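Examination of the molecular architecture
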Amino acid sequence: MDSSQNSKKWSISALIPENHPRKESLVIREKIVEGVEEGYVAPQGLIAHGRGECFDYLFGEKTQHFAIEAIRASVALLLLAKYPVISVNGNMAALVPREIVELAREVNAKIEVNLFYRTPERERAIEKILKESGAQEVLGVGEDASATIPELFSERRRVSPRGILIADVVLLALEDGDRTEALVKMGKKVIAIDLNPLSRTARSASITIVDNIIRSFPLLIKYAKEMKKLRKEELEETLKKYDNKAVLSSSLKFLSQRLSEISL
Ligand code: ATP
Ligand code: MG
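Fair warning: this is a prediction, and the values are worked out from it, not measured in the lab. (Residues numbered from 1 in each chain as written. Chains lettered and ligands numbered in written order. Predicted model: local features only at pLDDT ≥ 70, side-chain atom pairs only at ≥ 80, totals over all residues. Heavy atoms only, no water.)

Structural notes on the nonpolar core
This is how the line gets drawn: Side-chain atoms within 4.5 Å are what join buried Ala, Val, Leu, Ile, Met, Phe, Trp, Tyr and Cys residues into a set we call a nonpolar core. Using a 1.4 Å probe on the protein chains alone, a residue whose accessible area is under 20% of its type maximum counts as buried, one over 50% counts as exposed, and one in between counts as partly exposed. It only takes one pair of heavy atoms within 4.5 Å for two residues to be counted as in contact.
Ile86, Val88, Ile100, Leu103, Leu130, Leu171 and Phe217 are the most contacted members of the largest nonpolar core, which has 63 residues in total. Leave out the neighbours within four places in its chain, and leucine 130 touches Val88, Pro97, Ile100, Val101, Ile111, Val113, Ala135 and Val138. Counting 14 residues, the second largest nonpolar core, distinct from the first, contains Ile149, Val159, Ile164 and Leu183.

Here is the structure:
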């Protein structure tokens with residue numbers, strides 16, 4: 001980053017007054033914009049973020065009970081997994097790089113760059129951010145993304161043969177529905193963080209965390225630290241009781257109730 005961009009970064013945060021009611025949301029938005037300017041977030045990432053913001057507004061910008069339930073089940077699944085992988089794209093690298101690395105460490109997962117709009121520059125930039133955030137190894141960069149997901153075409157299907165290809169559990173966020181469905185068809189358990197409970201990703205994942213990655217990553221880490229102490233049977237019990245359909249339906253009921261209350 002050159003010095004002009006650096007000074008811009010500081011001035012934007014300083015420009016928004018402390019007591020601005022939407023300060024946090026604006027600062028987060030700026031991080032995505034910076035990612036676009038630095039080239040590791042695709043311009044389409046801005047649109048995806050905007051859609052997420054709209055849902056987050058309706059959820060009161062808080063992690064609701066249905067997300068907590070999904071987060072606990074996700075941690076159980078990650079801790080029980082044989083080969084878990086966290087799939088990372090530009091928006092995730094812009095918003096939660098340190099948290100991705102910490103969660104991977106807590107649950108012993110691999111980290112893989114997996115982009116819808118793949119370019120070598122973008123892959124390497126994301127790898128750099130993750131390494132600067134403490135990652136030892138980042139899969140899916142350059143030649144490493146040499147395996148393919150069946151049923152998908154072009155660059156969108158490339159994955160690492162040491163990562164997503166052989167994973168039993170994949171955690172992803174802001175992912176496209178086609179790719180999520182393809183991973184599920186390959187027999188993988190998919191944990192999706194997606195603010196839109198109506199998206200194909202949300203509806204086809206094994207566990208859907210309907211929440212903002214900004215809040216759910218720190219919670220995944222917190223529960224991983226606590227639940228690591230549980231016995232295998234207790235983790236299995238948590239998973240057995242979990243019902244993703246009920247969780248999705250609960251998130252939609254929450255939205256409809258909230259809208260009815262506001263509209264009175
Ligand atoms: P699908 O392909 O699954 O039907 P889509 O085409 O509606 O989804 P995409 O652009 O493919 O949407 O994926 C972006 C998704 O990520 C959107 O559903 C959006 O709500 C969600 N999203 C955006 N920002 C965040 C965020 N910070 N945390 C969690 N989810 C987010
Ligand atoms: Mg899509």
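Looking at the confidence of the model for the chain
What counts, and what does not: Within a predicted model, pLDDT stands for the predictor's per-residue confidence, ranging from 0 to 100.
Residues of the chain with pLDDT of at least 70 account for 95%, and the chain-wide mean is 93. Contacts of residues 1–5 to residues separated by more than four positions or lying in other chains number five contacts, the stretch itself having pLDDT below 50.

Quick word on the environment of valine 96
We count it as follows: Counting from the N terminus, the helices are the DSSP runs of H or I reaching at least four residues and the strands are the DSSP runs of E reaching at least two.
As for its placement among the helices and strands, valine 96 is situated in the loop between helix H5 (90–95) and helix H6 (97–107). Valine 96 gets classed as buried once you look at its relative accessible area, which sits at 1%. On a C-alpha basis, the gap between valine 96 and isoleucine 126 in space is 12 Å, while along the polypeptide they are 30 residues apart.

Remarks on the site of ligand 1
Rule in force here: By convention in this text, a residue qualifies as near a molecule or strand provided that one of its non-hydrogen atoms is within 4 Å of it. Each polar contact in these results corresponds to two N or O atoms within 3.5 Å; when the atoms are within protein, one needs to be able to donate a hydrogen and the other to accept it, and residues that are neighboring in sequence are counted only if both atoms are side-chain atoms. Each accessible area is a Shrake-Rupley estimate made with a 1.4 Å probe; only the visible protein chains count as cover when residues are assessed. Put simply, Ala, Val, Leu, Ile, Met, Phe, Trp, Tyr, Cys and Pro go in the nonpolar bin, Asp, Glu, Lys and Arg in the charged bin, and everything else, Gly too, in the polar bin.
The full set close to ligand 1 counts 17 residues, and Arg51, Gly177, Asp194, Thr201 and Asn212 are the nearest of them. At a separation of 2.8 Å, an oxygen atom of ligand 1 approaches a polar side-chain atom of aspartate 194. One nitrogen or oxygen atom from the main chain of leucine 195 is found 3.2 Å from a nitrogen atom belonging to ligand 1. For ligand 1, the protein covers 87% of the area, taking 630 Å² as the surface of the free molecule. Elements represented by at least two residues in the shell around ligand 1 include exactly helix H3 (44–58) and helix H9 (200–204). Sorting elements by how many residues they give to the shell around ligand 1 places H3 first, with four residues. Looking at the shell around ligand 1 residue by residue, the classes come out as four nonpolar, seven polar and six charged.

Describing the UniProt feature "binding site: ATP" (unreviewed entry) in the chain
Cut-off, in case you're wondering: UniProt positions are given in the numbering used here, feature names are shortened, and annotations may be inferred rather than shown by experiment.
According to UniProt, the positions carrying the feature "binding site: ATP" (unreviewed entry) are Arg29, Arg51, Asp194, Leu195, Asn196, Arg200, Thr201, Asn212 and Ile213. Spatial dispersion of the annotated residues is evident: they stretch over 185 residues in sequence, and the largest pairwise C-alpha distance comes to 24.3 Å. Mapped onto the secondary structure, arginine 51 falls in helix H3. Among the structural elements, asparagine 212 can be located in the loop between strand E7 (207–209) and helix H10 (213–227). Asparagine 212 gets classed as buried once you look at its relative accessible area, which sits at 12%. Other than its neighbours up to four places away in sequence, asparagine 212 contacts Asp56 and Leu195.

Let's talk about helix H2 (residues 23–38)
Definition in use: Working rule for helices: expected span equals 1.5 Å times residues minus one.
For H2, spanning 16 residues, the distance from its first C-alpha to its last is 22 Å, which sits close to the expected 22 Å at 1.5 Å a residue. Of all the residues in H2, the buried ones are Lys23, Ser25, Ile28, Ile32, Glu34 and Gly35. Of the residues one or two after H2, glycine 39 is the one with positive phi, at around 90 degrees.

Description of the packing of helix H4 (residues 65–80) against H10
Spelled out, the test is: Axis angles are defined between N-to-C directions and span 0 to 180 degrees, where every axis is a line fitted to C-alpha atoms and, for a helix, only to the segment in contact. When an angle is under 35 degrees it counts as roughly parallel; over 145 it counts as roughly antiparallel; between 65 and 115 it counts as roughly perpendicular; any other value is oblique. Crossing handedness: left-handed means the near helix sits turned counterclockwise from the far one by under a right angle, and right-handed means the same turn made clockwise.
Interaxial distance between H4 and H10 falls to 9 Å at its minimum, and their mutual angle equals 55 degrees. The pairing of H4 with H10 is recorded here as oblique in orientation. H10 is crossed by H4, and the crossing has right-handed handedness. Facing H4, whose interface residues are Ile68, Ile71, Arg72, Ser74, Val75, Ala76 and Leu79, H10 presents Ser216, Leu219, Leu220, Tyr223, Ala224 and Met227.

Here we look at the pattern of salt bridges
Basically, it comes down to this: A side-chain nitrogen of Lys or Arg and a carboxyl oxygen of Asp or Glu constitute a salt bridge if their distance falls within 4 Å.
Throughout the structure, instances matching the rule amount to 23 salt bridges. As a salt-bridge pair, arginine 200 and aspartate 178 come within 2.8 Å of each other at their nearest N and O atoms. Pair noted here: arginine 200 is in helix H9 and aspartate 178 is in helix H8 (residues 177–185), with a separation of 22 residues, a long-range link. Take arginine 200: its relative accessible area is 41%, and that puts it in the partly exposed class. Ionic pairing is found between aspartate 211 and arginine 215, a salt bridge with its closest N-O pair at 2.8 Å. We note that aspartate 211, like arginine 215, is buried. It is possible to trace a salt-bridge network through shared partners that takes in Lys110, Glu137, Asp144 and Arg162.

Details of the side chain of serine 204
Within the element layout of this structure, serine 204 appears in helix H9. Among the polar contacts listed, one links the side chain of serine 204 to the backbone oxygen of arginine 200, at a separation of 2.7 Å. If we ignore the near neighbours within four places in the chain, the residues touching serine 204 are Thr180, Glu181 and Val184.

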